[in-house]
Amino acid sequence: MQTPNSTSSVISADHLKTLMELLQGSLIQPHDDEYESTRKVYNGMIDKYPSLIAKCKDVADVLHCVNFGREHNLTVAVRSGGHNAGGLGIVDDGLVIDLVEMNGIRVNPDRETVRVEGGCLLQDVDHATQPFGKAVPTGILSTTGISGLTLGGGLGHLSRAYGLAIDSLLEADVVLADGSLITVSETQHSDLFWAIRGGGGNFGIVVSFLFKLHDAGMVQGGPMLWHLEETEEMMRFYQDFILKAPKHIYCYFAFLTVPPVDLFPEALHLKKMCGLVWCNVGNKADSEAALQKFRDFKKPALDYVDSMPYASLQQLFDGLYPTGLQWYWKADFIKELSGEAIQENIQFAKKLPSVHSTVHFYPINGACHDKNNADTAWAYRHANWSQVIVGVDPDPANKDKISSWAKSYWEAIHPHSAGGAYVNFMMEEGQDRVKASYGDNYSRLSQIKTKYDPKNFFHVNQNIKPT
């Protein structure tokens, strides 16, 4: 078994003691009982051994940790929910600044805003906003951290209705590499505010977000499934539908193997299928009409779409994907699902390597298209989908199998893509891939990086290098 390098032993005991005394939270080292459990992240394929893990209680703790990391020349990783595909919330032989205990939330119903601390999970945000019939547009699994999701852009069930998470961001409090704390918005440090809306964790540690809230009390949501041999017809019909649908109608397309759990009928267990997962807000008559179009076109083999609280939809599949599974991710942005692309996708869907492995096509048109590529760091406003291919399995022995399938799949369909990918869906894939994912915005991001983090202190991310 790999063991951590001895960075913490190089740092004097007095310096470590001083840091521990400064922190309201805890400082965990390799010899501590909770080290093994604390160093684990969502993706079980990631197995890294930091020298120090600081579980911060408040902003002051974050400031102390940033200063300590800089003064002792430590590699620093920042963790919120730990969901990052490439495990970029953890690092070997360095300092992890863990925000998990910074999970305060305050809803302002009069202003229709919510202030969220950096360690919150989506389920925390949904819990706080659901009683008001409101929501922040975020992701699709409630165990995801709000920080990483938002900084990468933030796509999910409400994207067509209200845009990306960054489109509802009003301001943020950011700890910079020099240990200072600033507030960014359209009127304060507007260049940095532009950059953090899609630029990832490159520029600092966001310790709180202020979001605009949107109507999302009860929604019509849930899955519809069809047999895999019906995929070509369904994908064509879906493409025509979703490109023209009203903004408050949402469904993503998926390939999956039906898991053998009580949620699904036994007759469909372990069958490879295609399907849609819906989340329609607003006018129920419009929603029913949209659902009926698919029911009339081809009767689903499973139809579990129903009215439910938005927060319940967010948690619907959490139990199928617990922490610790092996994950290998590949992704692309897509403008069009051509006939050739559809055929390539079908061939690899037939080879789904495990029950947990899946492919999703998240629509990012609708309200996501209300902004231009230059309005935020997110550079693919012209794309219509964000596709993600995930090889997933609980058994580490199947690591190569699921990785090989995902890589081969991506190599086959990448020529049909728009070029880059959603950075939250990327493994560690190199600088060219990062540049492709920011397109024409990369040079501006690099200049802002140079201004706020010239020594690239925050580099454990999909890194944007200083000029």
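What counts, and at which threshold
- Residues numbered from 1 in each chain as written.
- Predicted model: local features only at pLDDT ≥ 70, side-chain atom pairs only at ≥ 80, totals over all residues.
- Heavy atoms only, no water.
- Buried < 20%, exposed > 50% of the residue type's maximum accessible area, 1.4 Å probe, protein only.
- Pairing = 2+ DSSP bridges.
- Helix = DSSP H or I, 4+ residues; strand = E, 2+ residues; numbered from the N terminus.
- Axes fitted to C-alpha atoms, helices over the stretch in contact; angles between N-to-C directions.
- Contact = heavy atoms within 4.5 Å.
- Salt bridge = Lys/Arg side-chain N within 4 Å of Asp/Glu carboxyl O.
- Core = buried A, V, L, I, M, F, W, Y, C linked by side-chain atoms within 4.5 Å.
- Phe/Tyr/Trp six-rings, centres within 6.5 Å; stacked < 30°, edge-to-face > 60°.
- Polar contact = N/O pair within 3.5 Å; in protein donor to acceptor, adjacent residues only side chain to side chain.
- Disulfide = S-S within 2.5 Å.

I would appreciate a short explanation of unusual backbone geometry in the present structure.
The bulk of non-glycine residues show a negative phi, and the bulk of peptide bonds are trans. One non-glycine residue, Asp 93, lies in the positive phi region at around 50 degrees. Judged by relative accessible area, Asp 93 falls into the partly exposed class, the value being 23%. One non-glycine residue, Glu 112, lies in the positive phi region at around 55 degrees.

Explain the sheet that holds strand β10 (residues 205-212) here, please?
The strands that make up a sheet pair up through hydrogen bonds in the backbone, lying either parallel or antiparallel. As summarised here, the arrangement of the five strands in space is β5-β6-β10-β8-β9, forming an open sheet in which the pairing is antiparallel. Because the sheet does not close on itself, it has two edges, and the strands there are β5 (105-108) and β9 (181-185). Direction aside, the axes of adjacent strands within the sheet are offset by 15 degrees on average. Where strand β8 (residues 169-175) lies against β9, five bridges are found, and the strand directions are antiparallel. Of the residues in β9, the one forming a bridge with Asp 173 is Thr 183. Sheet contacts for helix α5 (residues 122-129): β5 and β6 (113-117); angle to β5, the most-contacted strand, approximately 35 degrees.

Would you mind showing me how to read the environment of Asn 108 here?
Locating Asn 108 in the fold gives a position in strand β5. For the pair Asn 108 and Lys 293, spaced 185 residues apart in the sequence, the C-alpha separation amounts to 39 Å.

What exactly am I supposed to notice about the pattern of salt bridges here?
Opposite charge on two side chains allows them to pair when their charged atoms are near. Counted under the stated rule, the structure contains 22 salt bridges. Put simply, Asp 167 and Arg 381 hold a salt bridge, and the shortest N to O gap is 2.8 Å. Here the residue Asp 167 occupies a position in the loop between α7 (159-162) and β8, and Arg 381 occupies one in the loop between β18 (358-363) and β19 (385-393), the gap between them amounting to 214 residues. As far as burial versus exposure is concerned, Asp 167 and Arg 381 are alike and both buried. Put simply, Asp 303 and Arg 295 hold a salt bridge, and the shortest N to O gap is 2.7 Å. Relative accessible area serves as the criterion here: at 31%, Asp 303 is assigned to the partly exposed category.

How should the pairing of β19 be read in this particular structure?
The side chains of a regular strand alternate between the sheet's two faces. Counting buried residues in β19 gives nine out of nine residues, a clear majority hidden from the surface. Burial along β19 is two-sided: Trp 385, Gln 387, Ile 389, Gly 391 and Asp 393 facing one way and Ser 386, Val 388, Val 390 and Val 392 facing the other are all buried. Sheet topology note: the strand β17 (residues 326-334)/β19 ladder contains nine bridges and is antiparallel. Paired with Lys 330 across the bridge in β19 is Ile 389. Where β18 and β19 come together, six bridges link them in antiparallel fashion. Within β19, the residue paired with Thr 358 across the bridge is Val 390.

Help me understand the environment of Gly 118 in this model?
Within the secondary structure, Gly 118 is located in the loop between β6 and α5. For Gly 118, a relative accessible area of 0% corresponds to the buried category. Through-space distance from the C-alpha of Gly 118 to that of Asp 47 is 24 Å; in sequence the pair is 71 residues apart. If we ignore the near neighbours within four places in the chain, the residues touching Gly 118 are Ser 80, Leu 99, Met 102, Ile 146, Ser 147, Val 206, Val 207, Ser 208 and Phe 209.

Quick question: what am I supposed to make of the nonpolar core here?
Within soluble globular proteins, side chains that are nonpolar generally end up buried alongside one another. Membership of the largest hydrophobic core comes to 128 residues, with the highest contact counts inside it found for Phe 255 and Trp 278. Per-element tally for this core: the top contributor is helix α13 (residues 399-413), with seven residues. Of all hydrophobic cores here, the second largest spans 24 residues; its members include Val 62, Cys 65, Phe 68 and Phe 457.

How should the packing of aromatic side chains be read in this particular structure?
Given two aromatic rings, one states the distance between the centres and the angle between the planes to describe the pair. Under the definition given, this model contains 25 aromatic pairs. The interplanar angle of 40 degrees and the centroid separation of 5.6 Å between the aromatic rings of Tyr 238 and Phe 253 together place this pair among those described as tilted. Of this pair, Tyr 238 sits in helix α9 (residues 231-242) while Phe 253 sits in strand β13 (residues 251-257), placing them 15 residues apart in sequence. Each member of the pair, Tyr 238 together with Phe 253, is buried. Ring centres of Phe 333 and Tyr 380 lie 4.5 Å apart, and the angle between their planes is 20 degrees; on these two criteria the pair is classed as stacked. Of this pair, Phe 333 sits in strand β17 while Tyr 380 sits in the loop between β18 and β19; the two residues are 47 residues apart in sequence, bridging distant segments of the chain. Judged by its relative accessible area of 2%, Phe 333 falls in the buried class.

Help me understand the side chain of Arg 79 in this model?
Considering the arrangement of structural elements, one finds Arg 79 in strand β3 (residues 76-79). Within the structure, the side chain of Arg 79 is placed 3.4 Å from the backbone oxygen of Lys 40, a separation counted as a polar contact. Look past the residues within four positions of Arg 79 in its chain and what remains in contact with it is Thr 38, Arg 39, Lys 40, Val 41, Ile 53, Gly 89, Ile 90, Val 96, Ile 97, Asp 98, Leu 99 and Val 100.

Where do I start with the pairing of strand β4 (residues 95-98) in this structure?
Side-chain alternation along β4 places Leu 95 and Ile 97 on one buried face and Val 96 and Asp 98 on a second face that is also buried. Here β3 pairs with β4 via four bridges, running parallel. Considered in β4, the bridge of Ala 77 is made with Val 96.

When you look at the state of the cysteines in this model, what are you seeing that I'm missing?
Simply put, the disulfide is a covalent bond whose two ends are the sulfur atoms of two cysteines. Going through the model one piece at a time under the given rule, you end up with zero disulfides. There is no disulfide at Cys 274, and the cysteine sulfur nearest it, in Cys 251, is 12 Å away. A disulfide-free cysteine, Cys 279 has its sulfur positioned 10 Å from the sulfur of Cys 251, the nearest such atom. For Cys 279, a relative accessible area of 1% translates into the label buried.

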